[in-house]
Amino acid sequence: MRETEVVPDAIFDHPRVAAVYDPLDPDRTDLDEYARIIVDELGARTLLDVGCGTGTFGVLLAGRGIAVVGVDPARASVAVARGKPGADAVTWIVGTAEDLPALQVDAATMTANVAQVFLDDDDWAATLVAISHALRPGGTLIFEARRPEVRAWEGWTKEASGQVVSVPGVGDVEDWVQVTSVDGEFVTFDSPTIFHADGERIESTSTLRFRSRAAIEDSIVHAGLELVEVRDLAYAPGRSWLYLARRPGAAPA
Ligand SMILES: C[S@@+](CC[C@H](N)C(=O)[O-])C[C@H]1O[C@@H](n2cnc3c(N)ncnc32)[C@H](O)[C@@H]1O
């Protein structure tokens, strides 16, 4: 059981910022590969999406007839998810994988580098064990993580990442990411959001952990899962790995 409460970053949990998460990052072709694996390769009928955020993936798969549970500790992001067309078909839970009721899903996902938010090894291990318990025997976990050797954070500067997006009904919204420290595997960055309509500037600071592939493979095995495959991530070739792991055992008849 987790000893400290999860406090999500403002970028996910401030209501005004969560409301513009999707328009500020509208290209979600990253989700295509997950959908293809879940629907075409696995033929899954049930899905758990851990760190579901604003629910784009959950709503997408619910629209394809899959029974989806989405869980995320950021209440404001889950509120955005609940407001989307088709969201009623999804079960949304504010919390972490450790807070889930008993489940036996065919597949579980952590899209968009959710795996990197777990800074503490015990939290990461507990999350993998909780996901394993939520999978049915033979069920598959799929998640991505950036390859540390690529040093993606070197491009996370205000100059390279800054944008101003015109959001209907909101006005111009500006944001950027700026790395403030790199301490071994831990990369910390600021990502302010500025609403030009009234000048409000909402600060957010995040830290991500860039674990090695070997460390992630070890953590999968230690959680009692079988490592099935590690693929080059289609939307970030050469930059991220896609991990597929399976709960041991045969699928129920
Ligand atoms: C980069 S966002 C990705 C959101 C979503 N998966 C997507 O594809 O848009 C990372 C998400 O991880 C969530 N998160 C942070 N800590 C978490 C935890 N302990 N368990 C599950 N999700 C967590 C954040 O609240 C945020 O919604």
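A. View of the overall build of the chain. Per the secondary structure count, the chain includes nine helices and 14 strands. Seen through its C-alpha atoms, the chain measures out along the principal axes to roughly 60 × 40 × 35 Å. Expressed as a percentage of its 253 residues, the buried residues of the chain come to 34%. Taking the intrachain contacts of the chain between residues at least 6 apart in sequence as the baseline, contacts between residues at least 24 apart amount to 64%.

B. Quick peek at the packing of helix α7 (residues 121–134) against helix α9 (residues 213–222). One can describe the packing of α7 onto α9 by two numbers: an axis separation of 9 Å at closest approach and a directional angle of 50°. The angle between α7 and α9 falls in the class oblique. Handedness of the crossing formed by α7 with α9: right-handed. On α9, the residues touching W124, A125 and L128 of α7 are S219, I220 and H222. Split by residue class, the contact of α7 with α9 holds four nonpolar, two polar and no charged.

C. Region of the structure containing the nonpolar core. Grouped together as the largest cluster of nonpolar side chains are 55 residues, with contacts concentrated most on L47, A108, I131, A134 and L141. Two domains share this core, each providing at least three of its residues, namely domain 1 (10–148 + 211–246) and domain 2 (150–208). With residues up to four places along the chain from it excluded, the contact list for L47 reads I38, L61, I66, V68, V105, D106, A107 and T109.

D. Structural view of α7. If you check α7, its first and last C-alpha atoms are 20 Å apart, about what 14 residues at 1.5 Å a residue would give, namely 20 Å. For α7, every residue scored as buried is listed here: W124, T127, L128, A130, I131, S132 and A134. Those residues of α7 that are buried are in contact with β1 (46–50), β4 (105–110), β5 (135–146) and α9.

E. Examining the sheet that holds strand β8 (residues 178–183) more closely. Here three strands make up an open sheet; going across it, the order is β8-β9-β12 and the pairing antiparallel. Either end of the sheet is taken by a strand with one partner, and the two such strands are β8 and β12 (205–209). Averaged over all neighbouring strand pairs, the angle between strand axes comes to 20°, with direction disregarded. Relative to β12, strand β9 (residues 186–190) runs antiparallel, the two sharing five bridges. Bridge pairing links V187 to L208 in β12.

F. Highlighting the site of the ligand. In the vicinity of the ligand lie 19 residues, with G51, G53, A74, T111 and A112 positioned nearest. Taken together, the residues of the shell around the ligand sort by class into eleven nonpolar, seven polar and one charged.

Basis of the calculations
- Residues numbered from 1 in each chain as written.
- Predicted model: local features only at pLDDT ≥ 70, side-chain atom pairs only at ≥ 80, totals over all residues.
- Helix = DSSP H or I, 4+ residues; strand = E, 2+ residues; numbered from the N terminus.
- Buried ≥ 20, exposed ≤ 12 C-beta atoms within 10 Å, placed from the backbone.
- Contact = placed C-beta atoms within 7 Å.
- Axes fitted to C-alpha atoms, helices over the stretch in contact; angles between N-to-C directions.
- Parallel < 35°, antiparallel > 145°, perpendicular 65-115°, else oblique.
- Left-handed = near helix turned anticlockwise from the far one by under 90°.
- Nonpolar A, V, L, I, M, F, W, Y, C, P; charged D, E, K, R; others polar.
- Core = buried A, V, L, I, M, F, W, Y, C linked by C-beta atoms within 7 Å.
- Domains from an automatic or database assignment.
- Expected span 1.5 Å × (residues − 1).
- Pairing = 2+ DSSP bridges.
- Near = placed C-beta within 6 Å.

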